[in-house]
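An overview of the molecular structure
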Amino acid sequence: WEMSRNHIIKLYYDIISPYSFIGFECLLRYRVVWPIDVVLKPICLGGLFKDVGNTPPVKSCEAKANYMAKELQMISRHFGIPMNVPKNFESFVMTANTVDACRLILATQKLRPDKAEEVSRQLFDRFWIDNKEVKSDADLRECLKRAMVDKPDDLMDKIHTPEIKDQLKKNTKEAQDIGAFGLPWIQVNKAGGGSEVYFGSDRLPIIGEFIGQSYHGPLRHLSLF
Amino acid sequence: MTRCHTVKLYYDIISPYSFIGFESLLRYRVVWPIDVVLKPICLGGLFKDVGNKPPVKSCEAKATYMAKEIEMISRHFGVPMNVPKNFSEHVMGNSTIDACRLIIAAQRLEPEKAETVSRQLFSRFWIENLPVKSEEDLKKVRFLLLDLLHLLVFIFPASQMTNVKEMLEEMKKDDVKEELRRNTKEVQELGAFGMPWISVTRMDGSATENYFGSDRLPIIGEFIGQSYHGPLRHLSLY
């Protein structure tokens, strides 16, 4: 009896990254049609940008920020995700802090691993559909409630421990070491050997080819929204 | 009344993703009811006007990744692109303004050849990795083109060909320089900050949408009520 013959896909993401939300939803959706295991790897995007000397794309130039706002609405609808980009898109992402949100996901992975995906989803939902902050304890508790996590205190207590802070730093360094300069960053490890990395939420067709599978479009009927 | 959706492709030879967008979009003319209008622009001028910088200059990790990604995506589309080891110098140290003017000259004198001229220039820069800066380079492209033209004349009794020397003279005219500037201004007004830039107008004129990059064919398909059928590699001309 063989060990799992699934391809292992590591998804590096941060709640603050809008394309990460899209990549998160569509990649997870593909578990029903592709033999893949998805490993969630929250990171700190601000830390990554600093370490590699990159700037947030909204800061490239005004035309790019304007286009991104429009493109995000368009692409998210293509994937059946009702994302909302606030009118003050640039200041929304530049003033937000999602470090504790990512630490909460890590805490969930440690204490309630079966809930890590749903907690991630609720955080993305609150930030990118409701356009509300995911910074304060109250914000995070609200997400835990919607994710139907009982005993939220255990998770909230764990967020600020050195163990979790270190884990976030470690994940961020890991992404940097495999070439990341932005998010989402996807590493695909084929079951029979071989590994490839991809930037962005547009690469599912090419990832499919890499693992010998067909891409079947956005699978909107599997959207959880 | 037009029975096709109008798709304007803004591109520059210096832009690697423009080559991918160019090939994949043109391929879709066999399955989608689209007219593709080629619009060469000056990317350096666009960057300057909108205050953007070339992506290779963002950070080293991005330049490294782009080099790998371009080879990967181009193979997905059946375009055998080569990214030279000196990728950064290749895009920062070469000028394709004359190459784009040559395409416009072809559009004015031999419009049906503008696509082939574009393809030859893209191939020279992104498959052979040779510069297209000097008149010598352009003459070499013309020579390749002549070989192709002779084939065309032999296989299809073609209409008269304008002397290519005329094209080399045409591209130096103020009109042509002005048209390149105009195309560049046009795409800036549509919101562009990089290449390729694709502007799609539905055949009934009801809506226009703009797309950046070479990854948007599936979404463009949905906009015009068509299905995306993958990279159509069997239609690759390479």
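Because the structure is a prediction, the values reported are computed rather than measured.

So, how was this worked out
Residues numbered from 1 in each chain as written. Chains lettered and ligands numbered in written order. Predicted model: local features only at pLDDT ≥ 70, side-chain atom pairs only at ≥ 80, totals over all residues. Heavy atoms only, no water. Contact = heavy atoms within 4.5 Å. Buried area = accessible area lost by both parts, 1.4 Å probe. Salt bridge = Lys/Arg side-chain N within 4 Å of Asp/Glu carboxyl O. Polar contact = N/O pair within 3.5 Å; in protein donor to acceptor, adjacent residues only side chain to side chain. Helix = DSSP H or I, 4+ residues; strand = E, 2+ residues; numbered from the N terminus. Pairing = 2+ DSSP bridges. Axes fitted to C-alpha atoms, helices over the stretch in contact; angles between N-to-C directions. Buried < 20%, exposed > 50% of the residue type's maximum accessible area, 1.4 Å probe, protein only. UniProt positions renumbered as here; feature names shortened; annotations may be inferred. pLDDT = per-residue confidence, 0-100. Core = buried A, V, L, I, M, F, W, Y, C linked by side-chain atoms within 4.5 Å.

1. Side note on the interface of chain B and chain A
Each side of the interface is counted separately: chain B has 27 residues, and chain A has 27 residues. For the pair chain B and chain A, the summed buried area comes to about 2300 Å², and 57% of that belongs to carbon and sulfur atoms. Our count for the contact surface shared by chain B and chain A stands at 8 salt bridges. We note a salt bridge from E209(B) to K70(A), for which the minimum N-O separation is 3.0 Å. Where chain B touches chain A, the interface holds 12 residue pairs in polar contact (both at pLDDT 80 or more). Every element with two or more residues in the side of chain B that touches chain A is listed here: α3 (60-76), β4 (208-212) and α10 (217-223) of chain B.

2. Remarks on the sheet that holds strand β1 (residues 5-11) of chain B
Taken together, the 4 strands give an open sheet; going across it, the order is β2-β1-β3-β4 (chain B), and neighbouring strands pair in mixed fashion. The open sheet has two free edges, formed respectively by β2 (34-40) and β4 of chain B, since each of these has just one partner strand. Here the average twist between neighbouring strands, direction ignored, is 20°. Bridge count between β1(B) and strand β3 (residues 197-201) of chain B: 5 bridges; the pairing is antiparallel. For V7(B), the partnering residue across the bridge sits in β3(B) and is V200(B). Those strands touched by helix α3 (residues 62-78) of chain A are β3 and β4 of chain B, and its axis lies near 105° from that of β4(B).

3. Details of unusual backbone geometry
Omega for the bond connecting L183(A) with P184(A) falls within 30 degrees of zero, at -5°, which places this linkage in the cis form. Mapped onto the fold, P184(A) is located in the loop between α9 (162-177) and β3 (185-189). A cis amide bond links M195(B) with the next residue in sequence, P196(B), at an omega value of -5°. As for its position among the elements, P196(B) is in the loop between α9 (174-189) and β3.

4. Comments concerning the pairing of β3(B)
Among the 5 residues that make up β3(B), 4 are buried, leaving the element largely enclosed by the rest of the structure. Connecting β3(B) to the next strand, β4(B), in antiparallel fashion are 6 residues, including G205(B) with a positive phi near 70°.

5. Describing the UniProt feature "active site" (unreviewed entry) in chain B
Per the UniProt record, the feature "active site" (unreviewed entry) sits at S15(B). Of note, S15(B) is situated in the loop between β1 and α1 (16-27).

6. Focus: the confidence of the model for chain B
Taken over all residues, the pLDDT of chain B has a mean of 89, while the share at 70 or more is 86%. Model confidence for the complex is summarised by a pTM of 0.93, with the ipTM given as 0.93.

7. Describing the nonpolar core
Within the largest apolar cluster, 148 residues are counted, with the highest numbers of intra-cluster contacts made by I15(A), F89(A), L123(A), W128(A), M195(B) and Y211(B). When residues in this core are grouped by element, the largest group, 8 residues, is from α3(A). If near-sequence neighbours (up to four positions away) are discounted, W128(A) is found in contact with I15(A), I16(A), S17(A), P18(A), F21(A), M83(A), N84(A), P86(A), F89(A), F92(A) and V93(A).

8. A word on the side chain of S18(B)
Residue and element names in this part refer to chain B. Note that S18 resides in helix α1. Exposure remark for S18: the relative accessible area of 0% places this residue in the buried category. At 2.7 Å, the side chain of S18 and the side chain of S15 are in polar contact. Filtering out sequence-adjacent residues up to four positions away, S18 remains in contact with Y11, D12, F122, M195 and P196.

9. Looking at the UniProt feature "active site" (unreviewed entry) in chain A
Residue and element names in this part refer to chain A. Residues given the UniProt feature "active site" (unreviewed entry) here are S17. Tracing the chain through its elements places S17 in the loop between β1 (7-13) and α1 (18-29). Overall, the relative accessible area of 4% leaves S17 in the buried class. Excluding anything up to four places from it in sequence, S17 contacts L45, F124, W128, L183 and P184.

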